[in-house]
Amino acid sequence: MSDSSEKVRRQAIRLEWITIGFLTVTVTLVYLVLGNSQAMKAAWLEDLLSFIPPFAFLIAARISRKAATVEHPYGYHRAVAIGHLVSGIALTSMAVFLIVDSSSGLLAQEHPTIGSVELFGQQIWLGWLMIGVMLFIAWPPVIIGHRKMKLASELHDKVLYADADMNKADWQTAVGSAVGVAGIGIGLWWLDSVAALFISASIMYDGVRNLRIAVLDLMDEQARTYDGKRPHPLAGQLNSLVDARQWVARVGCRVRDQGHELQAEVFVVPHEGHALELAELEQLTQDCRELDWKLQDVVLIPVADIPSFAYRDLKPIESSPESQEHA
């Protein structure tokens, strides 16, 4: 990892500890005003689940820095993918529970009630406290989530991205809970269960999407960007860099996601009659590694023909939004 990327990693760790501190306050406040609202219950459980991605990131960030050994020749970078998988499973499982719980209350036509509490010598409706707490905690995660998203891009960290994505959507949970409580207050009892289902569906979406990305990474899918939306541009950049050598006739590569770093195998067909020398192979391998800090594990393989599974597209080296900035 380069010096600039190490600095970004430390910033991400500090931000995750800030997130854990904020979640501790949030979970406590919501629990104190929980009442009988299904929407508040769903929001509280989502806040509890929100602890998983930060802790998964912190544990994975520590383990992934361990050096490769004979027993673990590829290093420990897959700890990031495992953390991503754990987060996806936890989110999906809790979403199923909440959907079943909220749906049963709606079908049974349960009418939740919200009582009054004494505050500073005055009797006030507890719903006002619920709404006030949810609106108070709605905006900080949005700011934190946007900051994490930028760091996730720079670190190529999918656990951090999943956490940021959840933070950015937390305002929907908070507002949905407030709407559900308000519905109880004006006699629309069903609005509370509907709000809880909305929150559950949001958790399910995050869970299934992150679970899918994590499983595909562990199945060695061709490396994709930190958000999983497109093939990682470094594959094309590797091909472009190698293809620029005069002695190279054709090139293809396969790149898999190891966590923060990528592992690349580059297949090279030399021009007919060119006698490959060890020195030029070593120099080209070093040039590939210097293309980006994420490419610390690059293997150059001279072949007679490019394998059918290899990625063959050529992309200009300057086209990547993620690479040269942290090389």
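Residues numbered from 1 in each chain as written. Predicted model: local features only at pLDDT ≥ 70, side-chain atom pairs only at ≥ 80, totals over all residues. Heavy atoms only, no water.

Comments concerning the UniProt feature "transmembrane region" (unreviewed entry) in the protein chain
Working step 1: In the numbering used here, UniProt assigns the feature "transmembrane region" (unreviewed entry) to residues 12-32, 44-63, 75-100 and 120-139.
Working step 2: Annotated as 100% helix and 0% strand, the span residues 12-32 places its first and last C-alpha atoms 30 Å apart.
Working step 3: Secondary structure within residues 75-100 divides into 85% helix and 0% strand; the distance between the first and last C-alpha atoms comes to 41 Å. (UniProt positions renumbered as here; feature names shortened; annotations may be inferred. Helix = DSSP H or I, 4+ residues; strand = E, 2+ residues; numbered from the N terminus.)

Side note on the pattern of salt bridges
Where side chains of opposite charge bring their charged atoms close, a pairing between them can arise.
Working step 1: Tallied over the full model, the rule gives 14 salt bridges.
Working step 2: Two residues, arginine 65 and glutamate 6, come together in a salt bridge whose shortest N-O distance is 2.8 Å. Here arginine 65 is found in the loop between helix 3 (52-63) and helix 4 (79-107), whereas its partner glutamate 6 is found in helix 1 (residues 3-32), with 59 residues between them in sequence.
Working step 3: Overall, arginine 65 belongs to the partly exposed group, its relative accessible area being 47%.
Working step 4: The shortest N-O distance in the salt bridge between glutamate 154 and lysine 150 comes to 2.5 Å. Taken together, the positions of glutamate 154 and lysine 150, both in helix 6 (residues 140-155) and four residues apart, correspond to about one turn of that helix.
Working step 5: A cluster of three or more residues bridged by salt bridges with shared partners is formed by Glu6, Arg9, Arg10 and Arg65. (Salt bridge = Lys/Arg side-chain N within 4 Å of Asp/Glu carboxyl O. Buried < 20%, exposed > 50% of the residue type's maximum accessible area, 1.4 Å probe, protein only.)

Quick look at the nonpolar core
Working step 1: Judged by nonpolar contacts, the single largest core of 53 residues is most densely connected at Val30, Met40, Phe57, Met130, Met134, Leu160 and Ile203.
Working step 2: A per-element tally of this core places helix 7 (residues 158-185) first, with nine residues.
Working step 3: In terms of nonpolar packing, the next biggest core, distinct from the first, is built from 23 residues, Ala223, Leu234, Trp247 and Val248 among them. (Core = buried A, V, L, I, M, F, W, Y, C linked by side-chain atoms within 4.5 Å.)

Overview of the pairing of strand 5 (residues 297-302)
Working step 1: The pairing of strand 4 (residues 262-270) with strand 5 spans six bridges and is classified as parallel. Directly across from alanine 264, in strand 5, lies its bridge partner valine 298.
Working step 2: Each parallel crossover has a hand, and the one from strand 4 via helix 10 (residues 278-289) to strand 5 is right-handed. (Pairing = 2+ DSSP bridges. Right-handed = clockwise from strand over helix to strand, strands pointing away.)

So, the pairing of strand 3 (residues 248-257)
Working step 1: Direction of pairing for strand 3 relative to strand 4: antiparallel, over a ladder of nine bridges. Looking at strand 4, one finds that cysteine 253 is bridged to valine 266.
Working step 2: Linkage of strand 3 to strand 4, two consecutive antiparallel strands, is achieved through a turn of four residues, within which glycine 259 is found at a positive phi near 130 degrees.

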